[in-house]
Amino acid sequence: MSLLPILEWPDPRLAQACAPVAEVTPGLRALAADMLETMYAAPGRGLAGPQVGAMQRIFVMDVTWKEGRPDPQVILNPVIEPLGDAVCTRAEGCLSIPGILTDITRPARVRMRWSDLEGVAHEAVLEDFAAACVQHETDHLDGVVTLMRLAPEARARSEAEYRG
């Protein structure tokens, strides 16, 4: 395993949609392992393929490891469906926009369908931070970074702060 360089905004790859993962190969398994190692070292709770230059619909996440309960997950070809009308606004950080927190409003509860590295299909209902995390990482797979979710004035402030 090895640490991968994390692309930073405004790298144009971060604004591109990713291709579906067609098959699990040894290279994809190695990428997933490297992405997990990179995410933990960053230290983050999620990392998407395009953030490391892999333009495929893959992300890794572990929403509990910072509390001492590691639960690493590899997500392939996620599909997210909001459940209900409740929303939640929280400050989100992004490894590709270091040092910047942005208040993002998202559905509070979602259903996610995905496959794992064994080709097994999964479905789960996620709430709270886990729901925000999978939506954030899926945004990356769709070519969306948190700055793009802000109103123009807030985005301009955040980009000015990021550029320093």
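Further up the page is the structure itself.
Treat the numbers as computed from the prediction; the structure is a model and nothing was measured. (Residues numbered from 1 in each chain as written. Predicted model: local features only at pLDDT ≥ 70, side-chain atom pairs only at ≥ 80, totals over all residues. Heavy atoms only, no water.)

### Re the layout of surface pockets
In step 1: Taken as a whole, the largest pocket encloses approximately 360 Å³ of empty space.
In step 2: If you trace the largest pocket, you find 17 residues lining it, with Arg45, Gly46, Gly93, Cys94 and Phe129 closest to the centre.
In step 3: Sorting the residues of the lining of the largest pocket by element identifies β4 (87–93) and α2 (128–141) as the ones contributing at least two each.
In step 4: Among the elements that line the lining of the largest pocket, the one with the most residues is α2, at five residues.
In step 5: When its volume is computed, the second largest pocket comes out at roughly 200 Å³.
In step 6: Taken together, 14 residues form the lining of the second largest pocket, with Ile80, Gln135, Thr138, Asp139 and Arg149 sitting closest to its centre.
In step 7: Within the residue set of the lining of the second largest pocket, elements represented by two or more residues are β3 (73–82), β5 (101–107) and α2.
In step 8: Of all the elements, β3 adds the most residues to the lining of the second largest pocket, at four residues. (1 Å grid on protein atoms, 1.4 Å probe; cavity = no way out; pocket = protein on both sides within 12 Å on 5 of 7 lines; lining within 4 Å. Points joined across faces, edges and corners; volume = space filled by probe spheres on them. Helix = DSSP H or I, 4+ residues; strand = E, 2+ residues; numbered from the N terminus.)

### Observations concerning the environment of glutamate 153
In step 1: As for its position among the elements, glutamate 153 is in helix α3 (residues 152–163).
In step 2: Measuring from C-alpha to C-alpha, the distance between glutamate 153 and phenylalanine 129 comes to 26 Å, with 24 residues separating the pair along the chain.

### Notes on the pairing of strand β6 (residues 109–115)
In step 1: Residue alternation in β6 divides its side chains into a buried set, Val110, Met112 and Trp114, and an unburied set, Arg109, Arg111, Arg113 and Ser115.
In step 2: Pairing between β3 and β6: five bridges, direction antiparallel. Following the sheet pairing, isoleucine 80 is matched in β6 by methionine 112.
In step 3: Summarising the sheet, β6 and strand β7 (residues 121–127) pair through seven bridges and their orientation is antiparallel. Residue arginine 111 lies in a different strand from β7, and its bridge partner there is valine 125. (Buried < 20%, exposed > 50% of the residue type's maximum accessible area, 1.4 Å probe, protein only. Pairing = 2+ DSSP bridges.)

### Regarding the side chain of aspartate 34
In step 1: Take aspartate 34: it is sitting in helix α1 (residues 26–41).
In step 2: Discounting residues that sit within four places of it in the chain, aspartate 34 has contacts with Met1, Ser2 and Leu4. (Contact = heavy atoms within 4.5 Å.)

### So, the packing of aromatic side chains
In step 1: Enumeration according to the criterion identifies one aromatic pair in this entry.
In step 2: When the centroid spacing of 5.1 Å and the interplanar angle of 90° are considered together, the rings of tyrosine 40 and tryptophan 65 count as edge-to-face. Remark: tryptophan 65 occurs in the loop between β2 (58–61) and β3 and tyrosine 40 occurs in helix α1; sequence separation between them is 25 residues.
In step 3: Over the ring of phenylalanine 129 we find arginine 45, and its NZ or CZ is 5.2 Å from the ring centre. (Phe/Tyr/Trp six-rings, centres within 6.5 Å; stacked < 30°, edge-to-face > 60°. Lys NZ or Arg CZ within 6 Å of the ring centre and 35° of its normal.)

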